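Residue-level structural notes
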Amino acid sequence: MGDFSWKAARRKYGVVVYNYTTGDVKGCLPLETGECVHILEEYCTGSGADRKATWYRGYSFHNRKAKGIFPASFVHLKECKVENEGPYESVIPIEDATIKEVTFVLREWNLIWKQLFVEDNTLFSKITMVMVELMSFRCQLLANTLTNDQSRDMKEQIISRIDWGNGKLGLDLVPRRDGKQVDPDNCSFIELYRLHCQSMESCKGTSPRKQTMRDKARSSREKVASSMSHLVINFKSLACNVGDESETYLSLFDSSTSKFISEKFLVRNTNKGMPVNMDKLHNYRGIFMDLNEADLERDLYLVAQIFRSGRMLQESSNKKIPKFHYRRPWGVAVLFLKDVLALKREEELDFHMKVQSCVESESSFPSLHETLIKKQNMMIGKGFITSEKDKQSIGIAVSLKLFHGDLATIKAEQPMMFSKGITVVQKMGFSDTINPGEVRNDLYLTLVNSEFDRGSKKAAKNVEVTVTVYDSNGDLIPECISGGCGEDAVTKYYSSIFYHNNNPKWNDTIRLSIPIDKFQCAHIRFEFCHCSTRDKTEKQLYGFAFLSLNPYDSATQADGTHTLCIYKCDTASKIKNYLKLPSFQDDFSDPKVTANLPNQLPYGRSSKEYLTVTTFLCSTKFTQQADLVGVFQSSSRQECIEQSLRNLINLRGQEVVRYLQDILDALFYMYGNTSSEGERFKHSAEVFHALVHIFNLLQDSKFEKFLCVLEAYLEENFSYPLVYRDLLICLQEKTELAVSCADFDKEYTVENVFQVLEQIFRFIEKSYKLFQGQYGVQPDNFKQLLGSVFRSFGRIMSSSEIASRKAQVMLLKQLNKTFQPLLKLITRKELAGLVQDMCSKMSKDLQPLLLEAKVQLCREMVNSDLFPEQASRDIVLPMCMSVLKKCLITKRVLPLASQTLGDILDRFREISVPDGDSQYVLKILFDLLMQTLLVIDEAQQEEAGGMMICCLMELLRKMEELHYTSLMNTYPKGRPLKDFLIRVLLVFRDLIKRDVFPASWTVMRMATNHVILTAIQYVAQSLTEHFLTGIDFDNQLWSNYFDLAVSFVTQPSLQLEKMSDAKRNKIKDKYQDMRVLIGLQIQTLWNGLGNQKRHFIPSLVGPFLEVTMVPETDVRKATIPIFFDMMLCEQQVKGNFTSVESEIIEKMDILITGNNGDTEYRTLFNQILLDKVQTEPVLREDGRRFVVSVTNLLEKLLDYRQVIEGEEHRDKRMHCTFNILNFYKDNINREEMYIRYINKLFLLHHDANNFVEAGLTLQLYAQLLRWTTDQLSASLGYPAQKEWERKEELTLKVIECFDKGKAWEYGIPLCKELAEVYEKKLFNYKKLSQILQREAAFFNNILEGSSLRQNPSYYRVAYYGMSFPPFVRNKEFVYRGDECLKLATIMSHLITEFPSASILTSSAPPDDKVREGEQQYIQISSLKPVPSERSEFQGHTVPTEISNFYSVNEVDMFQFDRPYHRGERNEDNEFKTLCLERKVLKTSYKLPGILRWYEVVHTEVIHLPPILVATENIRTVNTELDYLTGRCKSNTDMFFQQLMMRLQGVINSVVNGGLPKYQEAFFCDEFASKHPDEVCHLSELKLLLVEQVDLMERGLQKTESMCTEEMKPLQKTLVEMFSKLKQDITESGSPRAGRLRGGSLGALPRPGTPGSGSLNSSSSNRSSITSAEAISQDGDNIYMDPPEDSGMPPPPPEKRRIGSRLANYGAYLGGQQAPPIPSRPASALVSGSALQQLTNRLQQSRGVTGSDPALNQSPSSQRALTTSVSISNLGSGSRTFDSPTMQRMVSSPDKSNADPSTPPPLPQRRTSSAAEIGTGILNTRPPPPPPRQSTHDLRFLSYNVPSPTSASVPTVPEEKPAIPSRSRNVTAVNGSFDQGLTAVKEQDSGEDKIPPLPPRVPPRPSIPPLPEVGTSSQPSPKESATSPPPVPKRTSIYRRVSSDSVEDTHM
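Overview of the structure. Everything numeric in this text was worked out from a predicted model, so none of it was measured.

Rules and cut-offs
Residues numbered from 1 in each chain as written. Predicted model: local features only at pLDDT ≥ 70, side-chain atom pairs only at ≥ 80, totals over all residues. Heavy atoms only, no water. Helix = DSSP H or I, 4+ residues; strand = E, 2+ residues; numbered from the N terminus. Buried < 20%, exposed > 50% of the residue type's maximum accessible area, 1.4 Å probe, protein only. Contact = heavy atoms within 4.5 Å. Areas by Shrake-Rupley, 256 points an atom, 1.4 Å probe, with all protein chains shown as cover. Pairing = 2+ DSSP bridges. Axes fitted to C-alpha atoms, helices over the stretch in contact; angles between N-to-C directions. Nonpolar A, V, L, I, M, F, W, Y, C, P; charged D, E, K, R; others polar. Core = buried A, V, L, I, M, F, W, Y, C linked by side-chain atoms within 4.5 Å. Polar contact = N/O pair within 3.5 Å; in protein donor to acceptor, adjacent residues only side chain to side chain.

Concerning the overall build of the protein
In terms of helices and strands, the protein carries 63 helices and 40 strands. Relative to its full complement of 1947 residues, the protein shows a buried share of 54%. In the protein, the share of contacts with a sequence separation of at least 24, taken over all contacts with a separation of at least 6, comes to 76%. For the protein, the computed accessible surface area is about 85100 Å², with 49% contributed by carbon and sulfur atoms.

If you want it as structure tokens, here you go:
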């Protein structure tokens, strides 16, 4: 049986490889691919070897708190290390640290990388490239196929890229040591600081560095060589018919200097064109070495010179093998290389070199290449691209490839190329970099030309020159001549032959490599032979010439051109004993030479015959400098030694370093072997100067690579045991000369000597060791001589002469370099004593340079071998402390001093110094270091602050309780101890507040904070012990402590919530949450203050408030109760806590708006303080009031903060500002805060062009001021000024706003107020005249208002859904829009503001699921303002221009109508059943106000029966006719056309039947019998019809008088029709159907909603109307009371026009007192009884409905309304656009059991009086409307309009409309919304197709099902690995930590 139970997991760590979703299964843990899991338990099936885990239990590292089970097949297990195994275990994956870091970095970068695509495309591309490289590197490391070196280099590349990317992305820098991350606990702060600096350096640059550490570690030789280039030439073929064997010489030619710069590469081919050496077939390669950058810039050419090797004359008939092979010129080819070399790419390129033959003119051969180059330069487009035609012609095929770097590196990288053999072709002469150890002894000899006497022969000679080299004995030196590289050296070199030419020009260069031992005595011999064209036995010798290489046994023959004389000789055996003869042609003209010649020379000569050659020596062994020869031959030429040594100093550096070892040998030989016993060499000073010169020369960067040559010489070749004595003596003498100021005029001063002290003492040390090894004893006088030298050093250091300053600085800088050699000769203590004695001689007041040099010397001593040993450290440490103390006190050399102190503390950590040394440093420098940190300036802080802080932190980390106690005890109690603690606290505070370390140095910041945290605990202990009670209490000290604690908790680097989860967990695991520790300490110390708390109230309210807002629950819980203590303390002391309350409110405003605090903080603040104040009777009432008030303020401030940024949140900001403004005004009466938010709201309105609201807002501030002369301080951008001046300034601003907003009625009272002030108080008549003119302009603008301004529009906006902000959630608002506002603008703005919201396509009331759901829904509908009666207008005839303003302004009542049918809809005459449902809304404030919107606080619904609907329609038409007729008098042009169209529509109405339909509907017995309670309205209807006839008659009379010729036919038709209509009415007294069959009474307007039409049309909502045809009806109720929750109004759309902007949200009132609205002129005030009158009339109108069941019928079809009346201005009402339904009716109680099919009944009528029926809103005649602006007709979208839902007005069921996708905007263009809705529905009918995902590879494993708990079964053998395993009841082994398997499961 298998073991089916839960066991502890054997393998604890894994990675999820497939997404796992739990579905509805409880106890499972959902996982995503890539998550790492900690496996606690496993459930296995099977037994033994078949035992296999099928389920795991554990948690994801992404959320450690959620535990659960998950399938084992979804997890890939990895090796890990388990620490603290058991309930509290932790796992650490075992994997390569670099691979792990790459994985973490890629995940972290991925989040930022996506944002970069939008923000920074350049950086995005670079980061993308680096991420791809990192993934590639990671794959290679995981493959484990690299060598150790390759792996190490790749990891370095990875690290460099990670550091670079982290720096560019602003992420944390990672300190590393040898590429591995360092643990801050295992290294000192100093090292940590330096590692961070190194990481920052690696982040610089535009791309990550590619160089590895091995690249950095290259020697200087490799670095220089890396700048060299090498050209590889592959000779492929010779396509030339030479006829015989050929020799092709390839070399590099510089056309600018006309010189060859390289040796020749020789290629031999047979007469068939094949290589002579077949091993080189397809591999004839040569590499031209050491081309520097200057060479690559030159006009270089590859020159190929071809020679034929065979008979003198090429004869095709003679087939015998010739006895002699003569070299004859054949042809030349050139190739331009500059373009090739400029490519600098290591790619092999093929070229074809066209050969120019010179067989016919061989005399031109030496200069033929120059001729070809000139021809190429004359050609257009000279380049290296060859055509196919050229390739087919005769020539040479080669390929070129350029390499860069060191030759050894190239050989390693190209082993195949070099393994097959390649010819090395060197440059002629030394390269720019003479490699140390390079031995060359080459003499380049060029045969230039020759001149021969023809003599008696007619034909010229065929001259061949044979070059040989002989030694002093006349013996031939074999194999030392090379004509070209690639072939072996020869003993004899034969020149080429020019046929029949007595003055041949060869220009042929050869290399002579003569052995070094034979070079000085060797000479070169040139033998001239005449070569016959016939194949003779021997060549005919003509003469010879010679050239000695070392004439007169002095320097080597000088480079240059030499003209040699030719001695005639016809037999080779006769050539002997000629070396004493003159070799140069010019010698025979020199009397000194000819005087020593015999009278008869052994050989004949002709002055006309000569040979011209040039020589160029390239040797590291033989020199052409006579001065060097004098040095080398010093033993034999004693008299010239002094002069030779002086000349040596003047030689060029290359000449010296070329013969470095030989020169050193010669100089030390003079020291060691040329003096007699006990005597010094008399020229020892000159020799010392020469050595100093050479040593200084090697310090030059050009020759520093030769230091290794010096090193090799010192270790291997130096062998002079007595040199130490002379060097020490010379050094002392030179120093003494400097002391006496006798040395500064010398060529080499003591500064040059001190510059090379290291080399001098190294030779001294080597010589001393040789002496000791040779003689077996130590020299007695060494220490004495050394002491003398250091005493001389001391004397020069004590000098105060300015001339010795440089020498002193140089000595201090170079002295440390002598420590290493001297420590091999004397002890560390002795050397430390010598240095200390020398430094003690220095003056105490040192100059900056000297002080810096001394500090540098101390630093070097600390880092030397003097420091680890206790004896020497006891000498070095005090000296260093003395210097550092001086630096800190004087604030000089702080960067270097801090580095030195850092080195000391770093060495303390390395060598584990005893505690005494640490205490010594701590005692001397701790306090001084803090004092320095407090006073240094910003520049010094930037240079040295970081290291000084690290030193301070390192000192603190080394301190334990004993050290703190000892440190505190050094300061007496009282003022000294207080001052010390204050310094500590201030330094800590500055460290926290200043950004000493960059934000990316998280490791450094965390380590620093941890050390400070520990130190604060000890400081707090000292505060409690010494400064808490009685007279010892110190307010300043405790204030500094709390200031530090607050700064510590609130510092940005500790806000873990802003960090990633991985980073936050890592910090918590290492340091915990340090904010909590300090927060608890603050609480403890505060509680311990006792009665001393009063000293910190209210000064600490703000700081503690900032602490409590830290987003850490434990910190908040620990510190919030402090405010209760403060309140209680102040209550006990003062009897109230006013100052605490005031301070909390003021600071909270600043902190919350500064992005501190959150909703959790508000909850905790409320809960904790409420619980506290309830326990204290003294604070129970006032405390509760205070807590509730502050909580309310917190809520408002948090709302404000969410919208404080962003243009799209401007309207939200207005509303939040409004709420806060009210709070400060009404709740706490904080006038200064109130004014601050008034100004904010004003600026918001002004910037949004809401000028009316801006003026009303600013007027609140102006009303707080008086016309006094009190002085006001500057604030809110206003200067310091008198109170009346500010009030005047504010009032003028308000007037300006009203003027811009065209609200001139509001500006007139202010103008009057200013006029009175100017006239009666200020007597400023100039301003008086200006304000009166402005007032007059306002009056004039009002009279012209119809042309200057249009009426504003009003909308109802409602929000449904719990995901809306609290201030708008499930609420409705009335919004005042600008004139000409379009509905499409509103929708666009709302969708922009709330992109997740959906515009409801139905007006059906949303159910609870919608209201309580997370989806957002918005409804919009147009409203008509209901003006209040104005007492000042009663009894007066008010012009329309004046009354119109108040009909749409100063309103808080609004209405909108919804048509429905009573009972069955009458298809023939819909007037019989057409009713209206009128909804009246009341807002919290009147509009306009200080906001553009206000919340609806009251809703009432009224139902109008058909008779009143008809009455209302006719009254509206009459009003419009009356208005147009009257306006025609004053403005004929504008209103005549409108009047004509209106009369035509009324008289000639054929659309809806006109009067017959009304006659049929109401003037019949059926109507009277069915609705007797409505008969009373017939008389009113009849009167209105008669009135309409009168108005039509007046209108026709008016149009007749103004009618034009074109309009007269229409006028005549209208008059005739009207006459018939009037006759019918007069005869019957009422309209009769029979008499009106032929015409219509008029086009009566249909009831409807304003704004019907397309989305792109707009009009004033007061005049906008709709027909029933434009409305798609349903039976849902859209009228409901507003929800009781308080919230913020909606974000109305922004008007997209210049000069006006719409705000976003309405006012949140929440039952608070309304803010004071600025006083308006008397004409603008609303009558106090207006609201009551309106309410009474509304209540009366509710009784007009009867109880007739037929009336309670809702429309049964949508089509029934489509034939209703055509036009209506009835209430401007209410087709709702996306309007949600409200929740209860106002008109009647709710009856839940009402039959939904029952039509809504009208309210019961209370009286049948016609007077009552005609009163109220129904009978109120509004002022004549302005002309209808058809261009602004706002046609509503035809959404379904619901009917009332209440007990008395039940809902007619409707088909629930579909909710559109929130990502689609509903639009309709140039048409009714029916068309738009149809389009939307068509779109909704489509289904989005989601393409299927590709199948997983490998396929996703199946999930094992969970069996019943507690069951156990044996799996069948056929079950697969992914089959559902049985899961028995789990028995947890972690019962202590997770006993419940369900509670700890992440659901």
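Some words on the environment of Leu986
Counting through the fold element by element, Leu986 comes out in helix H34 (residues 975-993). Spatially, the C-alpha atom of Leu986 lies 7.1 Å from that of Asn1040, the residues being 54 residues apart in sequence. Discounting chain neighbours no more than four positions away, the residues touching Leu986 are Leu934 and Asn1040.

Some thoughts on the sheet that holds strand S23 (residues 463-470)
Spatial ordering of the open sheet is given by S24-S26-S22-S30-S29-S28-S27-S23-S25, a layout of nine strands whose pairing is antiparallel. Taken across any chain shown, the strands that pair with only one partner, and hence form the sheet edges, are strand S24 (481-482) and strand S25 (493-494). As defined by bridge partners, strand S29 (residues 560-568) adjoins strand S30 (residues 604-619) across eight bridges and the pair is classed as antiparallel. Across the sheet, Cys565 pairs through a bridge with Tyr610, a residue of S30.

Points about the packing of helix H4 (residues 189-203) against helix H32 (residues 938-958)
Between H4 and H32, whose axes approach to 8 Å, the crossing angle comes to 145 degrees. Facing Phe189, Ile190, Tyr193 and Arg194 of H4, the residues of H32 in contact are Gly946, Met947, Cys950, Cys951, Met953, Glu954 and Arg957. Of the residues belonging to the contact of H4 with H32, the class tally is seven nonpolar, one polar and three charged.

Observations regarding the pairing of S23
The buried fraction of S23 amounts to eight of the eight residues, a majority that puts the element mostly inside the structure. Across the two faces of S23 the burial is the same, with Val463, Val465, Val467 and Val469 and Glu464, Thr466, Thr468 and Tyr470 all buried. Pairing geometry for S23 and strand S27 (residues 523-530), over eight bridges, is antiparallel. Residue pairing for S27: Val467 is matched across the bridge by Phe526. Pairing of S23 with S25, which is carried by two bridges, proceeds in the antiparallel orientation. If you follow Val467 over to S25, its bridge partner there is Tyr493.

Observations concerning the nonpolar core
Formed by 307 residues in total, the largest nonpolar core has its most connected members in Phe988, Trp1038 and Met1148. The element best represented in this core is helix H35 (residues 1002-1026), accounting for 11 residues. Excluding its chain neighbours within four sequence positions, the residues that come into contact with Trp1038 are Leu1023, Thr1024, Phe1027, Leu1028, Phe1033, Leu1085, Leu1089 and Phe1096.

Focus: the side chain of Asp1378
As for its position among the elements, Asp1378 is in the loop between strand S34 (1371-1377) and helix H52 (1383-1393). On the accessibility criterion, Asp1378 (9% relative accessible area) is buried. Here the side chain of Asp1378 touches Arg1492 through a polar contact of 2.6 Å, side chain to side chain.

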